[in-house]
Amino acid sequence: MTDTSRDQRALVLFSGGQDSSVCLAWALARYDHVETVGFDYGQRHAVEMEARQVVRRGIVGVDPAWGSRLGEDHVLDMRGFGAIGETAMTEARAFEVTEKGLPNTFVPGRNLVFLTYAAALADRRGLRDLVGGMCETDFSGYPDCRRDTLDALETSLNLGMAQDFRIQTPLMRLTKAQTWALSRTLGGERLVELIRTESHTCYRGERGEAHAWGHGCGDCPACDLRARGWNEWDAAGRPALSL
């Protein structure tokens, strides 16, 4: 562990998907030391666990400074938790809306559990900020992606661990098109291309077919959201996002 101030040390919840990849770039552009954590919860799209390593290796080439800032990667085994939910994220079932009005890709409490585990790891590693790709704009109706949920959790984590963690959500108010624009702002076309070709979003875990927006089945909710965001951004002339 370096002697870098805790204010300049962050832990990114890094799945290997589009959103977490942009968040990793965002963190590398802002902090002196950045570590990543991934969660194996038995997800159908376990290929993302492979994609995350490819993105980690590739992202250090986007900006010369990022290589020196990127620290250790951690992977936590949470398959026992994933089995509890019995959702379309962990079982081969059709994508649909449940009787609660939520998509059956929603794993109850997933972000709450992920952030709790991440905070415990951050406590041990001397990391202050927890960075996640949660978003209220394009969030598929997941209640644990809302900022008020995360504010409440942040308070609980700090009370329960006697800490001063900050849960950072740089994508919270962005659409998927704006997330593509942010990637261009942070790392230019080189970062856009890395995220487009190497990050993984498809819930079915398909990597075979390459679309304009990346690899995926093309018709699951995650692919649909990613494709619509790409098409909107591309049609607008692929602008950068003003920070």
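Here, every reference points to the structure presented above.
Residues numbered from 1 in each chain as written. Predicted model: local features only at pLDDT ≥ 70, side-chain atom pairs only at ≥ 80, totals over all residues. Heavy atoms only, no water.

Peer 1: Teacher, can you tell me more about the packing of helix α2 (residues 47-59) against helix α7 (residues 176-198) here?
Peer 2: Helix-helix packing: each pair is described by the crossing angle between the helix axes and the interaxial distance. Packing of α2 against α7 brings their axes to within 10 Å, and their N-to-C directions diverge by 165°. One element, α2, and the other, α7, form an angle in the roughly antiparallel class. You can see that α2 and α7 cross each other, and the crossing is right-handed. For the pair formed by α2 and α7, the contact residues are Ala 51, Val 54, Val 55, Gly 58 and Ile 59 on the first element and Leu 191, Leu 194 and Glu 198 on the second. Of the residues in the contact of α2 with α7, the class split is 6 nonpolar, 1 polar and 1 charged. (Axes fitted to C-alpha atoms, helices over the stretch in contact; angles between N-to-C directions. Helix = DSSP H or I, 4+ residues; strand = E, 2+ residues; numbered from the N terminus. Parallel < 35°, antiparallel > 145°, perpendicular 65-115°, else oblique. Left-handed = near helix turned anticlockwise from the far one by under 90°. Contact = heavy atoms within 4.5 Å. Nonpolar A, V, L, I, M, F, W, Y, C, P; charged D, E, K, R; others polar.)

Peer 1: Help me out: how do you make sense of the pairing of strand β1 (residues 9-13) in this one?
Peer 2: Remark: a regular strand shows side chains that alternate across the two faces of the sheet. Among the 5 residues in β1, 5 count as buried, and that is most of the element. Covered by surrounding structure in β1 are Arg 9, Leu 11 and Leu 13 together with Ala 10 and Val 12, the residues of both alternating faces. Remark: the β1/helix α1 (residues 18-28)/strand β2 (residues 33-40) crossover connection has right-handed handedness. Summarising the sheet, β1 and strand β4 (residues 129-131) pair through 3 bridges and their orientation is parallel. By the bridge assignment, Ala 10 is partnered in β4 with Asp 129. (Buried < 20%, exposed > 50% of the residue type's maximum accessible area, 1.4 Å probe, protein only. Right-handed = clockwise from strand over helix to strand, strands pointing away. Pairing = 2+ DSSP bridges.)

Peer 1: So what exactly am I meant to see when it comes to the pattern of salt bridges here?
Peer 2: One side chain can pair with another of opposite charge once the charged atoms of both are near each other. The tally for this structure, following the rule as stated, stands at 19 salt bridges. Across the pair Glu 35 and Arg 9 runs a salt bridge, and its minimum N-O distance is 3.8 Å. Pair noted here: Glu 35 is in strand β2 and Arg 9 is in strand β1, with a separation of 26 residues, a long-range link. Since its relative accessible area comes to 0%, Glu 35 is described here as buried. (Salt bridge = Lys/Arg side-chain N within 4 Å of Asp/Glu carboxyl O.)

Peer 1: I would appreciate a short explanation of the state of the cysteines in the present structure.
Peer 2: Cysteine pairs can be covalently joined through their sulfur atoms, and such a bond is termed a disulfide. Within this structure, the stated rule accounts for 0 disulfides. The cysteine Cys 23 is free of any disulfide, with Cys 135 supplying the nearest cysteine sulfur at 9.6 Å. Its sulfur unpaired, Cys 202 is 3.6 Å from the next cysteine sulfur, which belongs to Cys 217. Exposure remark for Cys 202: the relative accessible area of 0% places this residue in the buried category. (Disulfide = S-S within 2.5 Å.)

Peer 1: Hey, could you run me through helix α6 (residues 147-161) in this one?
Peer 2: Note: α-helices contain 3.6 residues per turn, so residues at a spacing of three or four share the same orientation. With 15 residues, α6 should cover 21 Å at 1.5 Å per step; its first-to-last C-alpha distance of 21 Å lies within 8% of that length. Along α6, the residues that are buried comprise Arg 147, Thr 149, Leu 150, Leu 153, Glu 154, Leu 157 and Asn 158. Summarising the axial view, the buried residues of α6 lie within an arc of 160°, below the 170-degree limit, and thus occupy one face. Of the exposed residues in α6, those oriented more than 90 degrees away from the buried face are Leu 159 and Gly 160. Along its buried surface, α6 packs onto α5 (110-125), β4 and β5 (166-168). One or two steps after α6, the chain reaches Ala 162, where phi turns positive at roughly 50°. (Expected span 1.5 Å × (residues − 1). Arc of directions from axis to C-beta.)

Peer 1: So what exactly am I meant to see when it comes to the sheet that holds β4 here?
Peer 2: Taken in spatial order, the 5 strands of this open sheet run β3-β2-β1-β4-β5, and their pairing is parallel. Two strands in the sheet have a free side with no partner beyond their single neighbour: β3 (70-77) and β5. Across the sheet, the mean angle separating the axes of adjacent strands is 25° when strand polarity is ignored. Lying on the sheet, α1 is in contact with β1, β2, β3, β4 and β5; it crosses β1 at an angle near 175°.

Peer 1: Quick question: what am I supposed to make of the pairing of β2 here?
Peer 2: Of all 8 residues that make up β2, 7 are buried, and the element is covered over most of its length. Here 5 bridges tie β1 to β2, and the two strands are oriented parallel to one another. In the strand pairing of β2, Ala 10 is matched with Val 34. Pairing geometry for β2 and β3, over 6 bridges, is parallel. Paired with Thr 36 across the bridge in β3 is Asp 73.

Peer 1: What exactly am I supposed to notice about the side chain of Asn 111 here?
Peer 2: Assignment of secondary structure puts Asn 111 in helix α5. Sequence-distant contacts of Asn 111, defined by excluding residues within four places in its chain, comprise Met 134, Asp 144, Cys 145 and Leu 153.

Peer 1: I'm lost on the packing of aromatic side chains in this one. Help?
Peer 2: For any two aromatic rings, the description comes down to two numbers: the centre-to-centre distance and the angle of the planes. Counted according to the given criterion, the structure contains 6 aromatic pairs. Note on Trp 180 and Trp 230: the rings are 4.9 Å apart at their centroids and 80° apart in plane angle, and the pair reads as edge-to-face. Of this pair, Trp 180 sits in helix α7 while Trp 230 sits in helix α8 (residues 221-235); the two residues are 50 residues apart in sequence, bridging distant segments of the chain. Ring geometry for Trp 180 versus Trp 233: centroids 6.2 Å apart, planes at 15°, classification stacked. Residue Trp 180 is located in helix α7, and its partner Trp 233 is located in helix α8; the two are separated by 53 residues in the primary sequence. Trp 233 carries the same exposure label as Trp 180, and that label is buried. Ring pairing ties together the aromatic residues Phe 39, Tyr 41 and Phe 114, which thus form one cluster. (Phe/Tyr/Trp six-rings, centres within 6.5 Å; stacked < 30°, edge-to-face > 60°.)

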